[in-house]
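Each chain is listed here by its residues.
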Amino acid sequence: MDLKEVIGLKEEALKKIDEAKDLKDIEELRIAYLSKKGKVSGLMEVMRSIPKEEKAAFGKEVNIVKDEITKALEAKKDELKKIEDTKRLEAEKIDITLDAYTPKLGTLHPLTLVQEAIEDCFVGLGYKVAEGPEVELDYYNFERANIPEGHPARDMQDSLYIDEKTLLRTHTTAIQMRVLEKEAHDLPIKLICPGKVYRRDNDDATHSHQFMQAEGLVVAEGITLGDLKGTLQFMIDSLFGEGHKIRFRPSYFPFTEPSVEVDMSCHMCHGKGCPVCKGTGWIEILGSGMVHPNVLKMAGIDPERYTGFAFGIGLERVAMLKYGIDDIRDLYTNDARFLEAFKRLD
Ligand code: DAH
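Residues numbered from 1 in each chain as written. Predicted model: local features only at pLDDT ≥ 70, side-chain atom pairs only at ≥ 80, totals over all residues. Heavy atoms only, no water.

1. Some points on the environment of Leu 232
Reasoning step 1: With respect to the helices and strands, Leu 232 occurs in helix H8 (residues 225-240).
Reasoning step 2: For Leu 232, a relative accessible area of 0% puts it in the buried group.
Reasoning step 3: Sequence separation of Leu 232 and Ile 246 is 14 residues, and the distance between their C-alpha atoms is 8.2 Å.
Reasoning step 4: Other than its neighbours up to four places away in sequence, Leu 232 contacts Ile 246, Phe 248, Val 262, Leu 286, Ser 288 and Phe 311. (Helix = DSSP H or I, 4+ residues; strand = E, 2+ residues; numbered from the N terminus. Buried < 20%, exposed > 50% of the residue type's maximum accessible area, 1.4 Å probe, protein only. Contact = heavy atoms within 4.5 Å.)

Below, the structure written as structure tokens:
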């Protein structure tokens, strides 16, 4: 073997290294050339049979060849490793364009929307919001509302009694009575009291044994029916849009005197007459009146000095009119498809 062949071996090795396609090829080449039994080690064996004077030059060349092959292998290995790493990263790349899990958000219930709209309207007028218990004493629900035991007006509200003295309140007027008692010494009073109420009723498209009301109450010196009318006008306009007419019809509630039933001009046909207002142009919307002197007296308020107005409005009725709902039960059966329709109103 001579130097030419050594160089030939080197060139052959470098060519193969250059052509290596992957790390496996590199490892095979390393074994083929540099391992103990490899071709370069074989050259060392050849050294022994080389004439003494050529040994040094041959040995030097073999070392250079070994060195060059080692470096070429290292360089190619680095290059291939980088390529393989990039390929692996490409393959493993997380696709951040995929939708993440989006939790399903609920919506405000239409009755909550109406409750908030009423509260907003009155809070804007300086009213406070008050609540009371749903399991109520007969005393606040009836007695203090000027409906003593045996009074025929009790028949107007079929009730769900817990025991002789306790019932599920039949109207938010019970909250009014509690507030009057508590705030009698802190006049004037300006309150809006929303809440659930219950009656012994058979459920159908327009009746529900559970429903919601908001009670309004103002007691101060010099309050008149005119104040009531202006206030209700403001509320109706806030709920249904400006420009509604309202009218008072004489009515009877034991806790107000005089009592009025309030109609608003139909928000659908603006008074012309349509199926919603049954052709009359008017829609009955709430009951109200001037707080009865007996009610004020029972609370310890002097009816000669103070007067007040009160009203009670049904939230289901407002929701049904406002959103065109034709079955009250839709508000209580929690069908997600129905409730989702209110998403955009939240
Ligand atoms: N409590 C009455 C009802 O449930 C509604 C009502 C009428 C409330 C007149 C009032 C009022 O405060 O003044 O039918």
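2. What to know about a negative patch on the surface
Reasoning step 1: A contiguous patch of negative charge on the surface is contributed by Asp 2, Glu 5, Glu 53 and Glu 54.
Reasoning step 2: Summarising the element assignment, Glu 53 is placed in helix H4 (residues 52-92).
Reasoning step 3: Judged by relative accessible area, Glu 53 falls into the exposed class, the value being 64%. (Patch = residues over 30% accessible without salt bridge, like charges linked within 9 Å, V, L, I, M, F, W, Y side chains within 5 Å. Areas by Shrake-Rupley, 256 points an atom, 1.4 Å probe, with all protein chains shown as cover. Salt bridge = Lys/Arg side-chain N within 4 Å of Asp/Glu carboxyl O. Lys, Arg positive; Asp, Glu negative; His and termini not counted. Charge placed at Lys NZ, Arg CZ, Asp CG, Glu CD.)

3. Focus: the layout of surface pockets
Reasoning step 1: Its boundaries defined by the atoms lining it, the second largest pocket holds a volume of some 200 Å³.
Reasoning step 2: When its residues are assigned to classes, the lining of the second largest pocket shows 2 nonpolar, no polar and 6 charged. (1 Å grid on protein atoms, 1.4 Å probe; cavity = no way out; pocket = protein on both sides within 12 Å on 5 of 7 lines; lining within 4 Å. Points joined across faces, edges and corners; volume = space filled by probe spheres on them. Nonpolar A, V, L, I, M, F, W, Y, C, P; charged D, E, K, R; others polar.)

4. What about the site of the ligand?
Reasoning step 1: Around the ligand sit 16 residues, and of these His 171, Thr 173, Arg 199, Gln 213 and Glu 215 come closest.
Reasoning step 2: At 3.0 Å from a nitrogen atom of the ligand is found a side-chain nitrogen or oxygen belonging to His 171.
Reasoning step 3: Arg 199 places a side-chain nitrogen or oxygen 2.9 Å from an oxygen atom of the ligand.
Reasoning step 4: Look at the ligand: alone it shows 350 Å² of surface, and the protein chains cover 91% of it. (Near = heavy atom within 4 Å. Polar contact = N/O pair within 3.5 Å; in protein donor to acceptor, adjacent residues only side chain to side chain.)

5. Quick word on the state of the cysteines
Reasoning step 1: Throughout the structure, instances matching the rule amount to 0 disulfides.
Reasoning step 2: Looking at the unpaired Cys 193, the closest cysteine sulfur is the one in Cys 121, lying at 14 Å.
Reasoning step 3: You can see Cys 266 has no disulfide; the closest cysteine sulfur is in Cys 269, sitting 3.6 Å from it.
Reasoning step 4: When its relative accessible area of 0% is taken as the criterion, Cys 266 is described as buried. (Disulfide = S-S within 2.5 Å.)

6. A closer look at the pairing of strand S10 (residues 306-314)
Reasoning step 1: When strand S6 (residues 210-221) meets S10, the two strands line up antiparallel, connected through 9 bridges. Bridge pairing in S10 links Ala 220 to Thr 307. (Pairing = 2+ DSSP bridges.)

7. Regarding the domain arrangement of the chain
Reasoning step 1: With domains assigned, the chain is organised as domain 1 (3-92) and domain 2 (110-345).
Reasoning step 2: Measuring from the centre of the C-alpha atoms in domain 1 to the corresponding centre in domain 2 gives 96 Å. (Domains from an automatic or database assignment.)

8. Observations regarding the sheet that holds strand S3 (residues 160-163)
Reasoning step 1: The 3 strands are arranged S2-S4-S3 in an open sheet whose pairing can be described as antiparallel. Every other strand in the sheet has two partners, leaving strand S2 (135-137) and S3 as the edge strands with one partner each. Going across the sheet, the axis of each strand differs from the next one's by a mean of 40 degrees, ignoring polarity.
Reasoning step 2: Bridge count for S3 against strand S4 (residues 166-168) is 3 bridges, and the pairing is antiparallel. Residue pairing in the sheet places Tyr 161 in a bridge with Leu 167 of S4. (Axes fitted to C-alpha atoms, helices over the stretch in contact; angles between N-to-C directions.)

9. Structural notes on helix H7 (residues 173-183)
In an α-helix, one turn spans 3.6 residues; hence positions three or four apart end up facing the same way.
Reasoning step 1: With 8 of its 11 residues buried, H7 lies for the most part within the structure.
Reasoning step 2: Among all positions in H7, only Thr 173, Ala 174, Ile 175, Gln 176, Met 177, Val 179, Leu 180 and Glu 183 are buried.

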